[in-house]
Amino acid sequence: MGMSAVEIKIMPESPTTDLAKIKKEIPKKLKEAKNIKIEEQEIAFGLKALKIMLAWPENLDTDIIENKLQEIEGVSSVKIEDIRRAFG
């Protein structure tokens, strides 16, 4: 089974949203994902987004990622920014 490298951007509902809670929920929602890396990215005026990079099985649709992450409390939007076939 091949894997894809997926880069995702999560926008919180507000600058006061607890990003730590969202970070904690991501691995729980994406059990199929491997090597999950989460970084905070400054947007503007105190608002931060979460940038996620992970390995996702090629045989699974990426819509699953968006749908599961959208279920997390405090998440305003989820966008897959890049997807590539991973080797090695």
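Residues numbered from 1 in each chain as written. Predicted model: local features only at pLDDT ≥ 70, side-chain atom pairs only at ≥ 80, totals over all residues. Heavy atoms only, no water.

## Details of the overall build of the protein chain
- Across its full length, the protein chain carries two helices and four strands.
- Helices and strands in the protein chain line up, N terminus first, as β-α-β-β-α-β.
- Computed over the C-alpha atoms, the radius of gyration of the protein chain is 13 Å, within 12% of the 12 Å expected from 2.2 N^0.38 for a compact globule of 88 residues.
- Counting only C-alpha atoms and orienting by the principal axes, one finds that the protein chain spans roughly 40 × 20 × 20 Å.
- Within the span of the protein chain, comprising 88 residues, buried residues form 33% of the whole. (Helix = DSSP H or I, 4+ residues; strand = E, 2+ residues; numbered from the N terminus. Rg over C-alpha atoms; globule rule 2.2 N^0.38 Å. Buried < 20%, exposed > 50% of the residue type's maximum accessible area, 1.4 Å probe, protein only.)

## A short note on the pattern of salt bridges
- In this structure the tally under the stated criterion is 11 salt bridges.
- Between Arg85 and Glu58 there is a salt bridge, and its shortest N-O distance comes to 2.8 Å. A residue pair is termed long-range when its members are at least 10 positions apart, and Arg85 in strand E4 (residues 75-86) and Glu58 in the loop between strand E3 (47-57) and helix H2 (63-70) qualify at 27 residues.
- Judged by relative accessible area, Arg85 falls into the exposed class, the value being 55%. (Salt bridge = Lys/Arg side-chain N within 4 Å of Asp/Glu carboxyl O.)

## Remarks on the side chain of Thr17
- Note that Thr17 resides in the loop between strand E1 (3-12) and helix H1 (19-29).
- On the basis of relative accessibility, which here comes to 17%, the residue Thr17 falls in the buried class.
- Beyond its immediate chain neighbours, meaning those up to four positions away, Thr17 contacts Pro12, Ile22 and Gly74. (Contact = heavy atoms within 4.5 Å.)

## Brief notes about the pairing of strand E2 (residues 34-44)
- Bridging between E2 and E3 involves eight bridges; their strand directions are antiparallel. Note on E3: the bridge partner recorded for Gln41 is Ala49.
- Here E2 folds back onto E3, and the loop between the two strands holds two residues, one of which, Phe45, carries a positive phi near 50°. (Pairing = 2+ DSSP bridges.)

## A few points about unusual backbone geometry
- Non-glycine residue Asn35 carries a positive phi angle of around 50°.
- Relative to the helices and strands, Asn35 is located in strand E2.
- The residue Phe45 is not glycine, and still its phi comes out positive at about 50°.
- Within the element layout of this structure, Phe45 appears in the loop between E2 and E3.

## Side note on the sheet that holds E3
- Strands sit in the order E2-E3-E1-E4 across an open sheet of four strands; the sheet is antiparallel. Both edges of this open sheet fall to E2 and E4, since each of them pairs with a single strand only. Strand-to-strand twist across the sheet, computed as the mean angle between neighbouring axes with direction ignored, equals 20°.
- Packing against the sheet, H2 makes contact with E1, E3 and E4, and its axis sits at approximately 155° to E4. (Axes fitted to C-alpha atoms, helices over the stretch in contact; angles between N-to-C directions.)

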